[in-house]
Amino acid sequence: MNPTLTYLLARKMWLVPGVAVWGDLANFEAEFIISEANGAAKRILHSNCLLGGSAQTVTFADLTDHRGNKLPPTILNASVVAIPRGNVGVIAQGNVAPDSFRVARVTPSTQAVTADLLIIEMG
């Protein structure tokens, strides 16, 4: 079998249709580098934080795929692709956690927009 096809088929995928997206895109993603010294122990920490916008967090356990199956409560190393159904763009914003992710409209709008989500477990 083709190695690329084998790789793609080995991953779990879910298509979730018709998700209402009301969150707005964050204005800025700040990145922090912090150094810490406590006696002999020295550390460098890296973190990022989304500032602005209205957060819409979606948990995997609340979603149902196009076949009517509930998604598992945790998906390790997931990738989320948002497919907008209208003129307003939709993206998955920030890092995807094992149990949830953030979605946002790209253009500010007064009402929720609808999007389909393709969720892929990257292994």
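1. Concerning the overall build of the protein chain
Looking only at helices and strands, one finds 1 helix and 8 strands in the protein chain. In the protein chain, the succession of α and β elements from N to C terminus is α-β-β-β-β-β-β-β-β. Radius of gyration (C-alpha) of the protein chain: 18 Å, far over the 14 Å computed for a compact globule of 123 residues. Relative to its 123 residues, the protein chain shows a buried fraction of 25%. Taking the intrachain contacts of the protein chain between residues at least 6 apart in sequence as the baseline, contacts between residues at least 24 apart amount to 67%. Carbon and sulfur atoms form 56% of the exposed surface of the protein chain, whose accessible area is close to 7,900 Å². Charged side chains in the protein chain number 9 positive and 9 negative. The centres of these two groups are separated by 4 Å.

2. Quick word on the nonpolar core
Grouped together as the largest cluster of nonpolar side chains are 19 residues, with contacts concentrated most on Leu-63, Leu-71, Phe-101, Leu-117 and Ile-119. Secondary-structure elements contributing two or more residues to this core are strand S1 (13–21), strand S5 (78–84), strand S7 (100–105) and strand S8 (113–121). Leaving out residues up to four positions away in the same chain, Leu-71 has contacts with Trp-14, Val-16, Phe-60, Ala-61, Leu-63, Thr-64, Asp-65 and Ile-119.

3. So, the sheet that holds S1
Taken together, the 3 strands give an open sheet; going across it, the order is S1-S8-S5, and neighbouring strands pair in antiparallel fashion. At either end of the open sheet lies a strand with only one pairing partner, and these are S1 and S5. On average, each strand axis in the sheet is inclined to that of its neighbour by 25°, with strand direction left out of account. Two elements, S1 and S8, share 7 bridges in a ladder whose sense is antiparallel. Paired with Val-16 across the two strands is Leu-117, which belongs to S8.

4. A word on a nonpolar patch on the surface
Taken together, Leu-15, Val-81 and Ile-83 make up a surface patch of nonpolar side chains, about 200 Å² in accessible area. For Val-81, the location among the structural elements is in strand S5. Given a relative accessible area of 37%, Val-81 falls into the partly exposed group.

5. Considering unusual backbone geometry
In this structure, Asn-77 takes a positive phi of about 55° despite not being glycine. Inspection of the secondary structure puts Asn-77 in the loop between strand S4 (57–59) and S5.

6. Remarks on the environment of Pro-84
Here Pro-84 lies in strand S5. Overall, the relative accessible area of 34% leaves Pro-84 in the partly exposed class. Residues within four places of Pro-84 in sequence aside, it is in contact with Gly-89, Val-90, Thr-114 and Ala-115.

Parameters and conventions
- Residues numbered from 1 in each chain as written.
- Predicted model: local features only at pLDDT ≥ 70, side-chain atom pairs only at ≥ 80, totals over all residues.
- Heavy atoms only, no water.
- Helix = DSSP H or I, 4+ residues; strand = E, 2+ residues; numbered from the N terminus.
- Rg over C-alpha atoms; globule rule 2.2 N^0.38 Å.
- Buried < 20%, exposed > 50% of the residue type's maximum accessible area, 1.4 Å probe, protein only.
- Contact = heavy atoms within 4.5 Å.
- Areas by Shrake-Rupley, 256 points an atom, 1.4 Å probe, with all protein chains shown as cover.
- Lys, Arg positive; Asp, Glu negative; His and termini not counted.
- Charge placed at Lys NZ, Arg CZ, Asp CG, Glu CD.
- Core = buried A, V, L, I, M, F, W, Y, C linked by side-chain atoms within 4.5 Å.
- Pairing = 2+ DSSP bridges.
- Axes fitted to C-alpha atoms, helices over the stretch in contact; angles between N-to-C directions.
- Patch = residues over 30% accessible without salt bridge, like charges linked within 9 Å, V, L, I, M, F, W, Y side chains within 5 Å.
- Salt bridge = Lys/Arg side-chain N within 4 Å of Asp/Glu carboxyl O.

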